[in-house]
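Examining the three-dimensional arrangement
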Amino acid sequence: KGRFVDGKLKPWDSSKGAIVVKVKFQDLLNNLPGFDHFLGEVVFPFGELVKNVEVQGWFQILDVGTTLIVPLDDHDLEGEKLDGTTGPPRVYLHLKWTPPPSSSAAQPDDSE
């Protein structure tokens, strides 16, 4: 359950942590009290990044506090549709995992 297995730290890819990218916007209206300054966020599980080493692409911006990750395919990225609507709010992310120099990618040492 904890961070250790048999006295050693668990592998990086078992991490329950996440990278949270909050997307903030600012205009004249949301400077007024009572307006939310966040469009939303993208939550990327740290263990998934360790497994994939590098991730890049478009991700849907979801409500603050979400635990889902929604990568978007190319067909989801088209601009304005014929009915005047646009696709979901999105942000392009490029994340890369490089383990600390004192450990391997799969297994941290006890000092980390």
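The following paragraphs examine the structure supplied in this document. In this text the structure is predicted, and so the values were computed from the model without any measurement. (Residues numbered from 1 in each chain as written. Predicted model: local features only at pLDDT ≥ 70, side-chain atom pairs only at ≥ 80, totals over all residues. Heavy atoms only, no water.)

Details of the pattern of salt bridges
Going through the model one piece at a time under the given rule, you end up with 1 salt bridge. K51 is the salt-bridge partner of E48, the closest N and O atoms lying 3.9 Å from each other. Taken as a pair, E48 and K51 lie in helix 1 (residues 46-52) at a separation of 3 residues, close to a single helical turn. Given a relative accessible area of 36%, E48 falls into the partly exposed group. (Salt bridge = Lys/Arg side-chain N within 4 Å of Asp/Glu carboxyl O. Helix = DSSP H or I, 4+ residues; strand = E, 2+ residues; numbered from the N terminus. Buried < 20%, exposed > 50% of the residue type's maximum accessible area, 1.4 Å probe, protein only.)

A short note on the packing of aromatic side chains
Applying the stated criterion across every chain, the model contains 5 aromatic pairs. Ring plane angle 70 degrees and centroid distance 6.3 Å describe the contact between W12 and F46, whose orientation is recorded as edge-to-face. Pair noted here: W12 is in the loop between strand 2 (8-9) and strand 3 (18-24) and F46 is in helix 1, with a separation of 34 residues, a long-range link. Classification of W12 by relative accessible area gives buried; the value is 19%. Both rings, one in F46 and one in W97, keep their centres 5.0 Å apart while their planes meet at 90 degrees; by these two values the pair is edge-to-face. Placement of F46 in helix 1 and of W97 in the segment after strand 6 (90-96) is noted, with a sequence separation of 51 residues between them. On the basis of relative accessible area, F46 is assigned to the buried category, the value being 18%. The exposure class of W97 is buried, given its relative accessible area of 11%. (Phe/Tyr/Trp six-rings, centres within 6.5 Å; stacked < 30°, edge-to-face > 60°.)

What is shown is where atoms sit, not what they do.
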